[in-house]
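Fold and contact review
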Amino acid sequence: MKKTALITGIRGQDGGYLAKMLLEKGYEVYGADRRSGETGFWRLKELAIYEDVKIVYMDLLELTNVMKIIEKVKPDEVYNLAAQSFVQASFDQPLLTSDINSLGVLRLLESLRVIQPDAKFYQASTSEMFGKVEHSPQTEATPFHPRSPYGVSKLFGHWITVNYRESYGMFCCSGLLFNHESPLRGLEFVTRKISYSVGRILYGLQNKVVLGNVDAKRDWGYAPEYVEAMHLMLQQSNPDDYLIATGESHSIREFAELAFKTAGYQIEWKGDGVNTTGIDRKTGKVLIAVNKEFYRPAEVDALIGRAEKSSKTLGWKPKITFAELAALMVEADIKRVETEISTRK
Ligand code: NAP
Ligand code: GDD
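The sections below set out a description of the structure shown in this document. (Residues numbered from 1 in each chain as written. Chains lettered and ligands numbered in written order. Predicted model: local features only at pLDDT ≥ 70, side-chain atom pairs only at ≥ 80, totals over all residues. Heavy atoms only, no water.)

Digging into the overall build of the chain
In terms of regular secondary structure, the chain is built from 11 helices and 15 strands. Relative to the globule expectation of 20 Å for 345 residues, the C-alpha radius of gyration of the chain, 20 Å, shows essentially globular dimensions. The C-alpha extent of the chain, read off along each of the three principal axes, is 65 × 50 × 40 Å. In the chain, which comprises 345 residues, the proportion classed as buried is 54%. Of all intrachain contacts in the chain linking residues separated by at least 6 positions in sequence, the fraction that spans at least 24 positions is 75%. A total accessible area of about 15200 Å² is found for the chain, and carbon and sulfur atoms account for 51% of it. With 44 positive and 44 negative side-chain charges, the chain shows a spacing of 3 Å between the two charge centroids. (Helix = DSSP H or I, 4+ residues; strand = E, 2+ residues; numbered from the N terminus. Rg over C-alpha atoms; globule rule 2.2 N^0.38 Å. Buried < 20%, exposed > 50% of the residue type's maximum accessible area, 1.4 Å probe, protein only. Contact = heavy atoms within 4.5 Å. Areas by Shrake-Rupley, 256 points an atom, 1.4 Å probe, with all protein chains shown as cover. Lys, Arg positive; Asp, Glu negative; His and termini not counted. Charge placed at Lys NZ, Arg CZ, Asp CG, Glu CD.)

Regarding the packing of helix H9 (residues 252-262) against helix H11 (residues 322-344)
Between H9 and H11, the shortest axis-to-axis distance is 8 Å and the interhelical angle comes to 50 degrees. The angle between H9 and H11 places the two elements in the oblique class. The element H9 and its partner H11 pack so that their crossing is right-handed. Facing H9, whose interface residues are Glu254, Phe255, Leu258, Ala259 and Thr262, H11 presents Phe322, Ala323, Ala326, Ala327, Met329, Val330 and Glu331. (Axes fitted to C-alpha atoms, helices over the stretch in contact; angles between N-to-C directions. Parallel < 35°, antiparallel > 145°, perpendicular 65-115°, else oblique. Left-handed = near helix turned anticlockwise from the far one by under 90°.)

Structural notes on the sheet that holds strand E1 (residues 4-8)
Hydrogen bonds between backbone atoms are what pair the strands of a sheet, whose relative direction is either parallel or antiparallel. Spatially, E3-E2-E1-E4-E5-E6-E11 is the arrangement adopted by the seven strands of the open sheet, whose pairing is parallel. Taken across any chain shown, the strands that pair with only one partner, and hence form the sheet edges, are strand E3 (54-57) and strand E11 (241-244). With strand direction ignored, the average angle separating the axes of adjacent strands in the sheet is 20 degrees. Pairing of strand E4 (residues 77-80) with strand E5 (residues 120-126) involves four bridges; the strand directions are parallel. Looking at E5, one finds that Glu77 is bridged to Lys120. Along the sheet, helix H1 (residues 13-24) contacts E1, strand E2 (28-33) and E4; its crossing angle with E1, the most-contacted strand, is approximately 175 degrees. Here helix H5 (residues 94-115) sits on the sheet and contacts E1, E4, E5 and strand E6 (172-177); the angle it forms with E5, its principal contact strand, is near 170 degrees. (Pairing = 2+ DSSP bridges.)

Remarks on the packing of aromatic side chains
The full count for this structure, using the stated rule, is 12 aromatic pairs. Ring centres 5.8 Å apart and planes at 80 degrees place the aromatic pair Phe260 and Tyr265 in the edge-to-face group. Using a relative accessible area of 15% as the deciding quantity, one classes Tyr265 as buried. One aromatic cluster is present, built from ring pairs that chain together Phe130, Phe144, Trp159 and Phe178. The positively charged end of Lys120 is found above the aromatic ring belonging to Phe171, 4.6 Å away from the centroid. Here the guanidinium or amino end of Lys292 rests over the ring plane of Tyr295, the centre of that ring lying 4.9 Å away. (Phe/Tyr/Trp six-rings, centres within 6.5 Å; stacked < 30°, edge-to-face > 60°. Lys NZ or Arg CZ within 6 Å of the ring centre and 35° of its normal.)

A closer look at the site of ligand 1
Within the structure, ligand 1 sits among 26 residues, and Arg34, Ser36, Ser85, Tyr150 and Lys154 are positioned closest to it. Leu60 has a polar backbone atom sitting 3.0 Å from a nitrogen atom of ligand 1. At a separation of 3.1 Å, a nitrogen atom of ligand 1 approaches a polar side-chain atom of Arg185. Listed by contribution, the elements that provide at least two residues to the shell around ligand 1 are H1, E5 and helix H6 (149-168). Among the elements that make up the shell around ligand 1, the one with the highest residue count is E5 (three residues). Class assignment of the residues belonging to the shell around ligand 1 gives a composition of 11 nonpolar, nine polar and six charged. (Near = heavy atom within 4 Å. Polar contact = N/O pair within 3.5 Å; in protein donor to acceptor, adjacent residues only side chain to side chain. Nonpolar A, V, L, I, M, F, W, Y, C, P; charged D, E, K, R; others polar.)

Shown next as structure tokens:
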């Protein structure tokens, strides 16, 4: 029989890729949207699945709304991807972030417990919970030390998911996913900010990209591979928590070098901290500058994950390399910029 999945955060990067994958597997896919305007469906349109996903309106801030949707959809699997997911913004809106990312998870779990307790539940947890890391590489056993209201709010989401599994025997899994990127990544995140800027710089639409802390390091993977892991977690005999990462850590500097290289630029670095600049070796022009505005009150300096349990139990392994990821994002953005230019003419 056809399985029914409910995906919250359907307009987001992961929502799009997960919906596409589940549709390909024959699922009936409901996408929960909080009504933020028609243009926000660009990812589903780019993936050519906008007509296939059944959109339902649900805001994680509104309990009765969540209950009504669970009652209507009666999902077999629920993927809770909705979140205020931008770390920087969580310092400006800590209460809203917590309401969505912490209590929002609880609203969903309570609704499921009362209405559809047999549904399998995936919670989008994050490597940000490791924060000021206690050891490297991080595993499922590494203690948490979040460094932002976002990280703290996600920690509640993680533990309440574990708690509903332990208290009520519900099939609840928490995925500790490290950074995953793609051409569908939001422009506020550093990789996509860089890849889109490279496309614009190449066509003379902007002079440089202005960044924050370019020395931070992340374990960066490819988003379509990470949504496969979410699905795999819910297909196991028993619910559990899994860490998903590539096992490699790279700085923002490294990502920027590779991104610019894809468009034919060779970056030469000068200075450090806020005085860092990235210069085009051929022309001497400044292509990368740094501004304190993009620094965070507390930073996660370096993340690197060890996904051994996921590899052994789920059979999950990353495929796309860091260099391939940077290249494919820039290539996609160059095409987008070319389309923008040609439709403007
Ligand atoms: P994203 O692109 O920011 O998508 C998040 C979605 O959540 C958006 O579509 C947003 O809707 C929706 N949302 C926000 N507040 C909501 C509310 N009150 N009610 C209902 N929906 C709401 O995030 P992503 O990169 O796809 O990530 C998916 C999930 O994984 C997030 O929970 C994120 O925190 C987590 N995560 C991401 C990564 C990563 O590297 N991408 C790593 C670890 C964990 P609008 O479109 O209306 O704004
Ligand atoms: N966004 C942004 N913009 N980040 C910058 C910039 C800039 O101009 N310059 C430097 N950075 C640094 C940030 O300080 C951070 O150390 C790193 O680049 C990555 O920032 P983001 O791309 O915003 O991602 P993130 O790691 O903070 O959070 C993402 O990954 C988490 C998983 O670890 C988000 O997707 C979270 O939702 C996710 O949980």
